[in-house]
Amino acid sequence: MQFHRSDSASILLRCYAHEDEEQEGRVGGEPSEVCRGMQSDPTLKPPDLTVDRSLSTWGAALHLFKGNIGPGLLALPLNFRRVGTFDGLLITAVVAVQGIYSMVLLLRIQQSTSSQLVGGAGHPTGEPLSFDDVGGAILGRPGRPLVQLMLASMQLGICSVFISFCATALVALVAISHTTATLCVWAACALLSLVPTLRALVPLSIFGSVAMLVAIATSLTAAASELSHTPPPPPAHPSPSPSVADWGSALAATFYAFEGVGLVLPVRNQHTPSPSPHPPLPLPCCGSAGFERALIATLSAVAAFFALVGCVCAAAFPSIDSASVTAYLAPRAAFYAFVNVLVASAVLLTFPLQLTPASEVVEGALHVHSAARRRVVRQLLVAACALLVVALPNLDLLIAIIGSCANTALAALPCIFHIVLVLRRRRPVDTAARVRRAASLAADALIVVFCLTVMVFGVSSAVVGPSAAPNATRADVAR
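The rules behind each value
- Residues numbered from 1 in each chain as written.
- Predicted model: local features only at pLDDT ≥ 70, side-chain atom pairs only at ≥ 80, totals over all residues.
- Heavy atoms only, no water.
- Helix = DSSP H or I, 4+ residues; strand = E, 2+ residues; numbered from the N terminus.
- Buried < 20%, exposed > 50% of the residue type's maximum accessible area, 1.4 Å probe, protein only.
- Contact = heavy atoms within 4.5 Å.
- Areas by Shrake-Rupley, 256 points an atom, 1.4 Å probe, with all protein chains shown as cover.
- Axes fitted to C-alpha atoms, helices over the stretch in contact; angles between N-to-C directions.
- Parallel < 35°, antiparallel > 145°, perpendicular 65-115°, else oblique.
- Left-handed = near helix turned anticlockwise from the far one by under 90°.
- Nonpolar A, V, L, I, M, F, W, Y, C, P; charged D, E, K, R; others polar.
- Phe/Tyr/Trp six-rings, centres within 6.5 Å; stacked < 30°, edge-to-face > 60°.
- Patch = residues over 30% accessible without salt bridge, like charges linked within 9 Å, V, L, I, M, F, W, Y side chains within 5 Å.
- Salt bridge = Lys/Arg side-chain N within 4 Å of Asp/Glu carboxyl O.
- Core = buried A, V, L, I, M, F, W, Y, C linked by side-chain atoms within 4.5 Å.
- Polar contact = N/O pair within 3.5 Å; in protein donor to acceptor, adjacent residues only side chain to side chain.
- Expected span 1.5 Å × (residues − 1).

Structural notes on the overall build of the protein chain
Alright, step 1. A tally of regular secondary structure across the protein chain gives 20 helices and two strands.
Alright, step 2. Residues counted as buried form 53% of the 479 residues belonging to the protein chain.
Alright, step 3. At a minimum sequence separation of 6, the contacts of the protein chain that also span at least 24 residues come to 85%.
Alright, step 4. Entry remark: accessible area of the protein chain is about 20,900 Å², with carbon and sulfur atoms responsible for 68%.

Here it is in structure tokens:
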């Protein structure tokens, strides 16, 4: 997920209701459950009215697309090769449906919570809430730090993957050990983290997006050329069935690839709703219908893109043994080596953007205010990420652990929020409403159980280790 400077508003933003005594926290004359959760949180601050709301629907869709296109995508061919095309497509479809459901649910929860905070549904005059604001509103005092901890953990995990990705690319370019490459990348990241302002680094996000698209286009072109000119011979030995560890690794890697749940509300909060002559949908927690449609369409396109890259590259490169398809292609030709360096450079230069949300959470928790102490905190976080990479030098293993721990926990939060909100309401008398309520709770509970299962399953599979990749012959590398 590419966090721009404005995207860190998901951690810093404080948007709450006006302080009018007749309006604050009253739904039907009584404080709502959401407002009581807000009042129990002593960290409340006035609304930040400086949030930029000039992002168009097309611009929002572009941000959502870029936020899910990263190193995790380049690791999918390896996992498709391990579990097979059908199983890989099935895993991608299931994780995509879960992700879209959770993100749309988060949007509707945000809209409903914002409405209750400012005097009841139909009067949403306050600024939209961020992810941790919603957590504090629904879960009370522990909600905000819980969401912040999960967001910071995911961001630090992404930073660790970035370091490992760059180290893997460096090993493919120069004959050095992975530990030496990690130390080199750590030194570069430590220097980049000293940049006093991120404004100068924002253009690098554009460079990173372009470089990633070049890498994907190169991988697909190489795979198409491989399939059209040299059809793969029939295997001498039948391929073994995917193991449990293969499935766990593929599930965790796909969860990591769909890393945009933390990006939804920052983009939504900057989105300018298009005027519509139609009234809002008569749903209990309905958000912006235009943004919802853009979110569903964009993430569906991302899922189809993931499936295309995973299927084509896995079929073309049956001997792939790297969690970076560009690193796997690098020894084959000078151009592939150049693309590998290009992508690694883009990932390296956008490292400070990924580190900023996590460092802001840690600085806030430690009450760090001086610039010098902030630099110390950032250096310690970079060193911690590098130590994790040294301890887990396998990029595929690192992606599996981050995806199964941080990403699954964050993906389950919207469903947990919704379960809490539904259980707080009075049970409906109407039979149809009771059936809808039960179905909603069942769907939420199913997704929470699924995320927790992937968490346990993915970590245990990473410890056991997926099946080893077949050894590439010299002929395979020379082609």
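What about the side chain of Asp-444?
Alright, step 1. With respect to the helices and strands, the residue Asp-444 is situated in helix H19 (residues 431-464).
Alright, step 2. Discounting chain neighbours no more than four positions away, the residues touching Asp-444 are Tyr-101, Leu-105, Cys-415, His-418 and Ile-419.

As for unusual backbone geometry
Alright, step 1. A positive phi angle, close to 55°, is found at His-367, a residue other than glycine.
Alright, step 2. Among the structural elements, His-367 can be located in the loop between helix H16 (351-366) and helix H17 (371-391).

Here we look at the packing of helix H5 (residues 76-83) against helix H11 (residues 244-257)
Alright, step 1. For the pair H5 and H11, interaxial distance at closest approach is 9 Å and the crossing angle is 150°. One element, H5, and the other, H11, form an angle in the roughly antiparallel class. When you trace H5 past H11, the crossing you get is left-handed. Along its contact with H5, which presents Leu-76, Asn-79, Arg-82 and Val-83, the element H11 presents Asp-246, Trp-247, Ser-249, Ala-250, Ala-253 and Thr-254.
Alright, step 2. Considering only residue class, the contact of H5 with H11 consists of five nonpolar, three polar and two charged.

A few points about the packing of aromatic side chains
Alright, step 1. Tallying each qualifying case throughout the model produces six aromatic pairs.
Alright, step 2. Taken together, a centroid distance of 6.1 Å and an interplanar angle of 45° make the contact between Phe-65 and Phe-305 tilted. Here the residue Phe-65 occupies a position in helix H3 (residues 57-67), and Phe-305 occupies one in helix H13 (residues 289-316), the gap between them amounting to 240 residues.
Alright, step 3. On the basis of relative accessible area, Phe-65 is assigned to the partly exposed category, the value being 25%.
Alright, step 4. Judged by relative accessible area, Phe-305 falls into the buried class, the value being 18%.
Alright, step 5. With a centroid separation of 4.8 Å and an interplanar angle of 65°, the aromatic rings of Phe-258 and Phe-306 are classed as edge-to-face. Residue Phe-258 is found in the loop between H11 and helix H12 (264-269), and its partner Phe-306 is found in helix H13; the two are separated by 48 residues along the sequence.

Some details on a nonpolar patch on the surface
Alright, step 1. Together, Phe-86, Leu-90 and Val-94 give the surface a local cluster of nonpolar side chains, amounting to about 290 Å² of exposed area.
Alright, step 2. With respect to the element layout, Leu-90 can be found in helix H6 (residues 85-117).

Points about the nonpolar core
Alright, step 1. In this structure, Phe-131, Ile-216 and Phe-317 are the most contacted members of the largest nonpolar core, which totals 108 residues.
Alright, step 2. A total of 15 residues in this core trace back to one element, the largest contributor, which is helix H18 (residues 395-424).
Alright, step 3. Not counting residues within four places of it along the chain, the set of residues in contact with Phe-317 comprises Arg-81, Ser-219, Ala-222, Ala-223, Glu-226, Val-325, Tyr-328, Leu-329 and Arg-332.

Observations concerning the environment of Thr-326
Alright, step 1. Tracing the backbone through its elements, the reader meets Thr-326 in helix H14 (residues 325-329).
Alright, step 2. We classify Thr-326 as buried; its relative accessible area is 4%.
Alright, step 3. Residues Thr-326 and Ala-215, 111 residues apart in the sequence, show an inter-C-alpha distance of 6.8 Å.
Alright, step 4. With residues up to four places along the chain from it excluded, the contact list for Thr-326 reads Leu-74, Phe-165, Ala-215, Ser-219, Tyr-336, Val-339 and Asn-340.
Alright, step 5. Looking at Thr-326, its side chain comes within polar contact range of the side chain of Ser-324, at 2.9 Å.

Quick word on H17
Alright, step 1. Over its 21 residues, H17 extends 30 Å from the first C-alpha to the last, a length consistent with the 30 Å expected when each residue adds 1.5 Å.
Alright, step 2. Residues of H17 that are buried: Val-377, Arg-378, Leu-381, Val-382, Cys-385, Ala-386 and Val-389.
Alright, step 3. Looking at the buried positions of H17, the neighbouring elements they touch are helix H8 (143-173), helix H9 (178-192), H16 and H18.

Notes on the pattern of salt bridges
Alright, step 1. Counted by the stated rule, this structure contains six salt bridges.
Alright, step 2. A salt bridge links Arg-108 to Glu-292; the nearest nitrogen and oxygen atoms lie 2.9 Å apart. With Arg-108 in helix H6 and Glu-292 in helix H13, this pair connects stretches of sequence that are 184 residues apart.
Alright, step 3. When its relative accessible area of 22% is taken as the criterion, Arg-108 is described as partly exposed.
Alright, step 4. Judged by its relative accessible area of 6%, Glu-292 is buried.

What about the packing of H9 against H17?
Alright, step 1. Two numbers describe how H9 lies on H17: the axes approach to 10 Å, and their chain directions differ by 165°. Here H9 lies roughly antiparallel to H17, going by the angle between them. Two packed elements cross with a definite hand, and for H9 against H17 that hand is right-handed. Within the contact between the two elements, H9 uses His-178, Thr-182, Trp-186, Cys-189 and Ala-190 and H17 uses Gln-379, Val-382, Ala-383, Ala-386, Val-389 and Val-390.
Alright, step 2. Of the residues contributing to the contact of H9 with H17, the split by class is eight nonpolar, three polar and no charged.

Topic: the side chain of Arg-82
Alright, step 1. Along the chain, Arg-82 falls in helix H5.
Alright, step 2. In this structure the side chain of Arg-82 is engaged in a polar contact, spanning 2.5 Å, whose partner is the side chain of Asp-396.

A short note on H11
Alright, step 1. In this model H11 runs 20 Å from its N-terminal to its C-terminal C-alpha over 14 residues, within 8% of the 20 Å that 1.5 Å per residue would give.
Alright, step 2. Most of H11 is tucked away, with twelve of its 14 residues classed as buried.
Alright, step 3. The complete set of buried residues in H11 reads Ala-245, Asp-246, Gly-248, Ser-249, Ala-250, Leu-251, Ala-252, Ala-253, Thr-254, Phe-255, Tyr-256 and Ala-257.

Notes on the environment of Phe-305
Alright, step 1. For the pair Phe-305 and Leu-73, spaced 232 residues apart in sequence, the C-alpha to C-alpha distance is 9.1 Å.
Alright, step 2. Once you skip the residues sitting within four places of it in the chain, Phe-305 turns out to touch Phe-65, Ile-69, Leu-73 and Ile-216.

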